[in-house]
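# Observations on the model geometry
Letter by letter, the chains look like this.
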Amino acid sequence: MTPSDDGRDQLTQLGKPVAAPQSPEEAILERVPAPYPDKHYLIRFTAPEFTSLCPITSQPDFAHIVIDYVPDKWIVESKSLKLYLTSFRNHGAFHEACSIQIATTLVERLAPRWLRIGAYWYPRGGIPIDVFWQTGEPPVGVWVPAQDVPTYRGRG
């Protein structure tokens, strides 16, 4: 692929100074063509320091988020994903809402063959909340490694 057909010319954030978006609605998730649209392979993003706000108390909530997906025609540009996830820092929503919003936004933007999210939230009120969602069964033959985030015991 050359720069003219690999999607680089459409990117507005990579390689440029960009202010962090103040909300997920402001964030721009960018995509580029998948380099191997004819192959089934898994891409994993891990965000061990994800932060959002409790919608009631405005106290910070923290999670270790793992996103796995099998691309079709598009892959997410990683800087835009980092900025998107950062935009939740000022966003008040329950754990379940944040987790599913991230996953469904990626599905809407990328139309992957398969996607799953594991959101491992640190305790609030003494109880950790873990949220899992996926689009269905992964494609046959794709190696999907375990997420290997331990049950809460002072996760690190």
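What you see is a predicted model; the values in this text were computed from it and never measured. Chains are numbered independently. Their residues run from 1 in the order of the written sequence. Side-chain atom pairs in this predicted model are given and counted only at pLDDT of 80 or more, local residue features only at pLDDT of at least 70, and totals for whole chains, interfaces and linings cover all residues. For side-chain calculations, the full set of non-hydrogen atoms in the structure is used, while hydrogens and water are omitted.

### Some points on helix α1 (residues 78-86)
This is how the line gets drawn: With a 1.4 Å probe rolled over the protein chains alone, any residue whose accessible area is under 20% of its type maximum counts as buried; one over 50% counts as exposed, and the rest are partly exposed. Only DSSP runs of H or I with at least four residues qualify as helices, and only runs of E with at least two residues qualify as strands; both kinds are numbered from the N terminus onward. Throughout, a residue-residue contact means that at least one pair of heavy atoms, one from each residue, lies within 4.5 Å. Whenever a nitrogen or oxygen atom comes within 3.5 Å of another N or O atom, the pair is scored as a polar contact, on the condition that within protein one atom can donate a hydrogen and the other can accept it, and that pairs from neighbouring residues in sequence are kept only if both atoms are in side chains.
Along α1, the residues that are buried comprise S80, L81, L83, Y84 and L85. Check the buried side of α1 and you find it contacts β2 (43-53), β4 (74-76) and α2 (95-110). By the N-cap criterion, in which a side-chain oxygen at the helix start approaches the backbone nitrogen of a residue two or three places on, α1 is capped by E77, the distance to K79 being 2.9 Å.

### Some words on the nonpolar core
Selection criterion: The term nonpolar core refers to a set of buried residues drawn from Ala, Val, Leu, Ile, Met, Phe, Trp, Tyr and Cys, joined through side-chain atoms within 4.5 Å.
Counting 29 residues, the largest nonpolar core has F50, I65, Y84, I102 and L106 as its most contacted members. It is α2 that contributes the most residues to this core, 5 residues altogether. Look past the residues within four positions of Y84 in its chain and what remains in contact with it is P24, A27, L29, Q101, I102 and T105.

### Remarks on the pattern of salt bridges
Let me state the cut-off plainly: What counts as a salt bridge is simple: a side-chain nitrogen of Lys or Arg found within 4 Å of a carboxyl oxygen of Asp or Glu.
Under the criterion given, the structure shown has 4 salt bridges. Close ionic contact of D61 with R124 constitutes a salt bridge, the shortest N to O distance being 2.2 Å. Linking D61 in strand β3 (residues 60-70) with R124 in the loop between β5 (114-121) and β6 (130-134), this pair joins segments that are 63 residues apart in sequence. Note on D61: relative accessible area 7%, which makes it buried. A salt bridge links R116 to D68; the shortest N-O distance between them is 2.7 Å. Of the two residues, R116 sits in strand β5 while D68 sits in strand β3, which places them 48 residues apart along the sequence. Neither R116 nor D68 differs from the other in exposure class; each is buried.

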